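Residues per chain, in single letters:
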Amino acid sequence: MKFLCIECDEQMQFGERQLPGDGTLAAVFGCPECGREMAMLTNPMETQLVSSLGIKIGGREVPEQPFELVRGSLEGGREGAFADASAPGSVRWSDAAVERLGVVPSFVRGMVKRIYTDYARERAIREITPEIMDRARTDLGLEGM
Amino acid sequence: MRRIRTYADLQGPDRSGLGRQVEAQNERVARRLEGIRTVLAVTSGKGGVGKSLVAATLASALVRRGLSGGLLDADLNGPSAPAFLGLSRPTLEVTDDGVVPPSDALGLRVMSTDLLMDERAPLRWREPRTGGHLWRSLLERGVFREFLSDVVWGRLDVLVVDLPPGPHRLAELNELAPDRTRVLGVTIPSSASRTAVERSLRLAVEGGLVLLGLVENMAGYVCPACGEVGPLHPGEAGESIARALGTPLLGRVPFDAEAAACAERGDMEGLLSSGAGREIGRLAGVVAERLGL
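None of these values were measured; they are calculated from a predicted model.

Chemist: For this particular structure, what's the right way to read the overall build of chain A?
Modeler: A count of helices and strands for chain A gives five helices and eight strands. Ordered by position from the N terminus, the helices and strands of chain A form the series β-β-β-β-β-α-α-β-β-α-α-β-α. For the C-alpha atoms alone, the extent of chain A along its principal axes is close to 55 × 35 × 20 Å. Counting over 145 residues, chain A shows a buried share of 37%. A separation threshold of at least 6 residues defines the contact pool for chain A, and within that pool the share at least 24 residues apart is 58%.

This is how it looks when you write it as structure tokens:
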């Protein structure tokens, strides 16, 4: 998927991705020549169609986690089904971030923790806070996590 | 009319790289399957032929013969393998390499949606309320793919895949593991089963899959009093399909109340000792030989 600024005849570049939480997705692209930005907006059905393939519009920021699709998609997965090994590295979690992580269903909690930790480590972020979680959620396209 | 440059004209990177992401998924499957000598797909064209119990018992019998084996329960909506094997729902360890599958008492490694859900919970996806028909098959294909690629199967002689009724998942398996998949068809003797199973297997062959052979399940009834096998279903679907497709009929497994009782309580050891279980044990020998294991 590529976007072309017709006026400049230049390929537009990916800027950011946003998930407002209603099942829709916005992917922003900008023209490097004229600076014009456009947003590709998908409706919930289109968003679901893409996520059902286990792929990310805008590309992957962190490696795919084991069972990422089934854990992210199964409604009401069994509590305690998974015990996730701790992500390597020395990223701290603030108390507020730990509290927020605690409300994530245990079926996906360990995986979500690893994704956020990978995200922080790759950006040399030393402490994960709710604000970092918000940013990661948007950057990574983690609908509902 | 102005000419707008095409996708191929633009030299800049495709950051989403959707095709590349799909390729990467398939490569993960290929890497995992490098450690598995044979994928044995157990399939039929219809439900109710006892395929899942044959698959679970056959996988157990192969392990009992000293082979390293796995059982992938690909019937995502109607999983039954853990119950047949007496597996509870353990906590699954997730490592950097993937999800470690639980093993049964014989050492058979198992993965099933049943292990991910509570006992009475239906399989339900987080999805918008309408349009499920558009993506549900994609999603379930993806879950099947993850069961192949993300489970730490280790080095296996054989991974038995219990497929749901219908041809779709078999076609997906053919796409994901074309070079090491062999197909074992399961039918019951009736003519209705013959038609459905033959159609399904013919489709598999036309798709390039290699048929290992056929099993006729519920081929007679083991009398609990004397142990003799009497008639149950009319018909001879096993022989008929085997002739039509030029594939061997590898075994005929009778219905056995003792085996059914063992399956009900998850007693695979007991099942393997029953009349039906002994026949599947013999079948396991034939299957292993034909697979060169």
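Chemist: Is there a simple way to think about the domain arrangement of chain A in this case?
Modeler: It is common to report an interface's size as the accessible area lost on association of the parts. Residues and elements named next belong to chain A. Assigned domains within chain A: domain 1 (1–55) and domain 2 (60–145). In this structure, domain 1 and domain 2 have C-alpha centres spaced 24 Å apart. Across the boundary between the two partners, domain 1 contributes five residues, which contact seven residues of domain 2. Of the residues in the side of domain 1 that touches domain 2, the class split is one nonpolar, three polar and one charged.

Chemist: Sorry if this is basic, but what is going on with the interface of chain A and chain B here?
Modeler: Tallying the contact residues gives 39 residues for chain A and 40 residues for chain B. Listed by contribution, the elements that provide at least two residues to the side of chain A that touches chain B are helix H1 (44–52), helix H2 (68–73) and strand E6 (82–84) of chain A. Among the residues making up the side of chain A that touches chain B, the classes are represented as 19 nonpolar, 13 polar and seven charged. Pairing geometry for E6 of chain A and strand E3 (residues 92–95) of chain B, over three bridges, is parallel. Bridge assignment links Ala83 of chain A to a residue of E3 of chain B, and that residue is Glu93 of chain B.

Chemist: Would you take a moment to explain the sheet that holds strand E3 (residues 13–18) of chain A for this structure?
Modeler: Neighbouring strands of a sheet are bound in pairs by backbone hydrogen bonds; such pairs are parallel or else antiparallel. Residue and element names in this part refer to chain A. Within the open sheet, the three strands sit side by side as E3-E4-E5. Their pairing is antiparallel. Strand pairing shows two members of the sheet lacking a second neighbour, E3 and strand E5 (37–42), which therefore form its edges. When the angles between neighbouring strand axes are averaged without regard to direction, this sheet yields 25°. Across six bridges, the pairing between strand E4 (residues 25–30) and E5 is antiparallel. When the sheet's bridge partners are listed, Gly30 is paired in E5 with Glu37.

Chemist: Would you mind showing me how to read helix H10 (residues 275–291) of chain B here?
Modeler: Quick reminder: α-helices carry 3.6 residues per turn. Residues three or four places apart thus point the same way. Residues and elements named next belong to chain B. The end-to-end C-alpha distance of H10 is 24 Å, a good match for the 24 Å that 17 residues give at a rise of 1.5 Å each. Packed against the buried residues of H10 are helix H2 (51–64), strand E8 (210–222), strand E10 (249–256), helix H8 (257–264) and helix H9 (268–273). One or two positions beyond H10, positive phi appears at Gly292, with a value near 70°.

Chemist: Sorry if this is basic, but what is going on with the nonpolar core here?
Modeler: Generally speaking, a soluble globular protein has its nonpolar side chains buried in company with each other. Ala41, Val42, Leu58, Val160 and Val161 of chain B are the most contacted members of the largest nonpolar core, which totals 103 residues. Non-local contacts of Leu58 of chain B, meaning those with residues more than four positions away in its chain, are made with Val160, Ile280, Leu283, Ala284 and Val287 of chain B. Formed by eight residues, the second largest nonpolar core is a distinct cluster that contains Cys5, Met12, Leu25 and Ala27 of chain A.

Chemist: Could you clarify how one ought to interpret unusual backbone geometry in this entry?
Modeler: With glycine set apart, most residues show a phi of negative sign, and most peptide bonds adopt trans. Phi at Phe67 of chain A is positive, roughly 60°, even though this residue is not glycine. Positive phi values are uncommon outside glycine, yet Met218 of chain B reaches one of about 55°. Classification of Met218 of chain B by C-beta neighbours within 10 Å gives buried; the count is 23.

Chemist: How should I be thinking about the environment of Val229 of chain B in this particular structure?
Modeler: Residue and element names in this part refer to chain B. Within the fold, Val229 resides in strand E9 (residues 229–230). Through-space distance from the C-alpha of Val229 to that of Ser190 is 17 Å; in sequence the pair is 39 residues apart. The residues touching Val229, leaving out its near neighbours within four places in the chain, are Gly220, Tyr221, Val222 and Pro254.

Chemist: It is not clear to me how the packing of H2 of chain B against H10 of chain B should be interpreted in this structure. Could you clarify?
Modeler: To describe two helices that pack against each other, one gives the angle between their axes and the distance between the axes. All names here are of chain B. Following both chains from N to C, one finds H2 and H10 inclined at 65°, their axes separated by 9 Å at the closest point. With respect to their mutual orientation, H2 and H10 come out roughly perpendicular. Read as a crossing pair, H2 and H10 show a hand that is right-handed. Here H2 contributes Val54, Thr57, Leu58, Ala61 and Leu62 to the contact with H10, which in turn contributes Gly277, Ile280, Gly281, Leu283, Ala284, Val287 and Ala288.

Chemist: Is there a simple way to explain the environment of His233 of chain B in this structure?
Modeler: Residues and elements named next belong to chain B. Take His233: it is sitting in the loop between E9 and helix H7 (237–245). A C-alpha to C-alpha distance of 6.7 Å links His233 and Gly220, two positions 13 residues apart in sequence. Excluding anything up to four places from it in sequence, His233 contacts Ile188, Pro189, Ser190 and Met218.

Chemist: Sorry if this is basic, but what is going on with the sheet that holds E3 of chain B here?
Modeler: Taken in spatial order, the three strands line up as E6(A)-E3(B)-E4(B) in an open sheet, and their pairing is mixed. Because the sheet does not close on itself, it has two edges, and the strands there are E6 of chain A together with strand E4 (98–99) of chain B. The sheet strands contacting helix H4 (residues 106–122) of chain A are E6 of chain A together with E3 of chain B, and the helix crosses E6 of chain A at an angle near 20°.

Chemist: Just to check I follow, could you spell out the packing of helix H1 (residues 18–33) of chain B against helix H4 (residues 132–149) of chain B for this structure?
Modeler: Residue and element names in this part refer to chain B. Contact pair H1 / H4: the axes reach a minimum separation of 8 Å and the direction vectors enclose 35°. At the point where H1 passes H4, the crossing takes the left-handed sense. Facing Gln25, Arg28, Val29, Arg32 and Leu33 of H1, the residues of H4 in contact are Arg145, Leu148 and Ser149.

What counts, and where the lines are drawn
- Residues numbered from 1 in each chain as written.
- Chains lettered and ligands numbered in written order.
- Predicted model: local features only at pLDDT ≥ 70, side-chain atom pairs only at ≥ 80, totals over all residues.
- Helix = DSSP H or I, 4+ residues; strand = E, 2+ residues; numbered from the N terminus.
- Buried ≥ 20, exposed ≤ 12 C-beta atoms within 10 Å, placed from the backbone.
- Contact = placed C-beta atoms within 7 Å.
- Domains from an automatic or database assignment.
- Nonpolar A, V, L, I, M, F, W, Y, C, P; charged D, E, K, R; others polar.
- Pairing = 2+ DSSP bridges.
- Axes fitted to C-alpha atoms, helices over the stretch in contact; angles between N-to-C directions.
- Expected span 1.5 Å × (residues − 1).
- Core = buried A, V, L, I, M, F, W, Y, C linked by C-beta atoms within 7 Å.
- Parallel < 35°, antiparallel > 145°, perpendicular 65-115°, else oblique.
- Left-handed = near helix turned anticlockwise from the far one by under 90°.

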